[in-house]
Amino acid sequence: MALLPIYTAPDPLLKTISKPVEEVNDDIRKLVDDMFETMYDAPGIGLAAIQVGVQKRVLVVDIVGKGRDDEAPQPLALINPEITWVSDDDAVYEEGCLSVPEHYADVARPAEIEVNYLDLSGARKSLSADGLLSTCIQHEIDHLEGILFLDHLSGLKRNMILRKLLKQKKIAS
Ligand code: K1U
Ligand code: ZN
């Protein structure tokens, strides 16, 4: 397994649309392994392939995480995910993003979803999610469409955060 570099905003790659996976093969399984390692290391509760520079419709989530004594990790990899149903009611969570380091904001999204995807053996699966898992999967599917949680905020707030990120990048380089 390998730790992958995480791209941060305003990198233009994060605004691109990821391509469907044509075959779930060993290359995809290796990518997923590396994404889990990178996500747990960050640490985060989700990661989309585009965040590590790979333009494929692959995401990983684990809202439990590693190293918690009271609960076993719940790693979930979704390939070519498609939301097939959303609830009418919304839920608001304070979201973060490994590609928008150190910034958090409340985002409203459908509270419950159903999503179809391929698992690591290439089998078609369906999943119902609510709570933080629903929010996290929607956040990661947004990444596959080139959408950041910042895009759900007012233009004023988004531009303020983007300016700060750009400044941090200039200082670091
Ligand atoms: O960048 C990402 O897509 C990962 C992001 C996922 C996410 C977080 C919150 C709401 C929706 C989606 C993160 O994991 S940010 C880090 C984070 O939330 C966290 C880190 C450690 C423990 C618990 C949470
Ligand atoms: Zn994110």
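Just above, that's the structure.
This section reports on the structure supplied with the text.

### Some remarks on the overall build of the chain
Now for step 1: Scanning the chain from N- to C-terminus turns up three helices and seven strands.
Now for step 2: When the helices and strands of the chain are listed from N to C terminus, the series reads α-β-β-β-β-β-β-β-α-α.
Now for step 3: Taken against the 2.2 N^0.38 rule, which gives 16 Å for 173 residues, the C-alpha radius of gyration of the chain at 16 Å falls within 12% of a compact globule.
Now for step 4: Dimensions of the chain, computed from the C-alpha atoms along their principal axes, are close to 45 × 40 × 35 Å.
Now for step 5: Residues classed as buried in the chain amount to 42% of the 173 residues present.

### Description of unusual backbone geometry
Now for step 1: Of the consecutive residues Ala9 and Pro10, the connecting peptide bond is found in the cis state with omega at 5°.
Now for step 2: With respect to the secondary-structure elements, Pro10 resides in the segment before α1 (26-41).
Now for step 3: In this structure, Pro43 follows Ala42 across a cis peptide bond, with omega equal to -5°.
Now for step 4: Tracing the backbone shows Pro43 in the loop between α1 and β1 (46-48).
Now for step 5: For Glu102, which is not a glycine, the phi torsion comes out positive at approximately 70°.

### Some points on the site of ligand 1
Now for step 1: Taken together, the neighbourhood of ligand 1 is formed by 13 residues, with Ile45, Gly46, Gln51, Leu98 and Glu140 sitting nearest.
Now for step 2: Ile45 places a main-chain nitrogen or oxygen 2.7 Å from an oxygen atom of ligand 1.
Now for step 3: With four residues, the top contributor of residues to the shell around ligand 1 is helix α2 (residues 131-144).
Now for step 4: Looking at the shell around ligand 1, its residues break down into four nonpolar, seven polar and two charged.

### A word on the nonpolar core
Now for step 1: Within the largest apolar cluster, 17 residues are counted, with the highest numbers of intra-cluster contacts made by Val32, Met35, Phe36, Val58, Val60 and Ile79.
Now for step 2: Sorting the residues of this core by element identifies α1, β2 (58-61) and β3 (76-86) as the ones contributing at least two each.
Now for step 3: It is α1 that provides the largest number of residues to this core, a total of seven residues.
Now for step 4: When neighbours within four sequence positions are excluded, Met35 is seen to be in contact with Leu4, Leu47, Ala48, Ala49, Val52, Val58, Leu59 and Val60.
Now for step 5: Grouped together as the second largest cluster of nonpolar side chains are 15 residues, Ala48, Val61, Ile113 and Ile141 included.

### Some words on the packing of aromatic side chains
Now for step 1: Per the stated rule, a full pass over the model turns up one aromatic pair.
Now for step 2: Summarising the aromatic geometry, the rings of Phe36 and Tyr40 are spaced 6.0 Å apart at their centres and angled 20° between planes, so their arrangement reads as stacked. You can see Phe36 and its partner Tyr40 sitting in helix α1, four residues apart, about one turn around the helix.
Now for step 3: Taking the relative accessible area as the measure of exposure, Phe36 reaches 11% and is therefore buried.
Now for step 4: Residue classification places Tyr40 among the buried residues on the basis of a relative accessible area of 18%.

### A short note on the coordination of the zinc ion (ligand 2)
Now for step 1: Protein coordination at the zinc ion (ligand 2) comes from Cys97 (SG), His139 (NE2) and His143 (NE2), with a distance range of 2.1 to 2.3 Å.
Now for step 2: Taken in sequence order, the residues that donate to the zinc ion (ligand 2) follow the motif C-x41-H-x3-H. Of this pair, Cys97 sits in the loop between β4 (90-95) and β5 (105-110) while His139 sits in helix α2; the two residues are 42 residues apart in sequence, bridging distant segments of the chain.
Now for step 3: For His139, a relative accessible area of 7% puts it in the buried group.

### Topic: the pattern of salt bridges
Now for step 1: One pass over the full model with this rule turns up seven salt bridges.
Now for step 2: A salt bridge links Asp26 to Arg29; the nearest nitrogen and oxygen atoms lie 3.1 Å apart. In this pair, Asp26 and Arg29 both sit in helix α1, three residues apart, roughly one turn of the helix.
Now for step 3: Among the ionic pairs, Arg57 bridges to Glu145, the shortest N-O distance being 2.4 Å. With Arg57 in the loop between β1 and β2 and Glu145 in the loop between α2 and α3 (155-172), this residue pair connects regions lying 88 residues apart in the sequence.
Now for step 4: Take Glu145: its relative accessible area is 33%, and that puts it in the partly exposed class.

Reading guide: rules and limits
- Residues numbered from 1 in each chain as written.
- Chains lettered and ligands numbered in written order.
- Predicted model: local features only at pLDDT ≥ 70, side-chain atom pairs only at ≥ 80, totals over all residues.
- Heavy atoms only, no water.
- Helix = DSSP H or I, 4+ residues; strand = E, 2+ residues; numbered from the N terminus.
- Rg over C-alpha atoms; globule rule 2.2 N^0.38 Å.
- Buried < 20%, exposed > 50% of the residue type's maximum accessible area, 1.4 Å probe, protein only.
- Near = heavy atom within 4 Å.
- Polar contact = N/O pair within 3.5 Å; in protein donor to acceptor, adjacent residues only side chain to side chain.
- Nonpolar A, V, L, I, M, F, W, Y, C, P; charged D, E, K, R; others polar.
- Core = buried A, V, L, I, M, F, W, Y, C linked by side-chain atoms within 4.5 Å.
- Contact = heavy atoms within 4.5 Å.
- Phe/Tyr/Trp six-rings, centres within 6.5 Å; stacked < 30°, edge-to-face > 60°.
- Donors = N, O, S within 2.8 Å, 3.2 Å for Na, K, Ca; no water.
- Salt bridge = Lys/Arg side-chain N within 4 Å of Asp/Glu carboxyl O.

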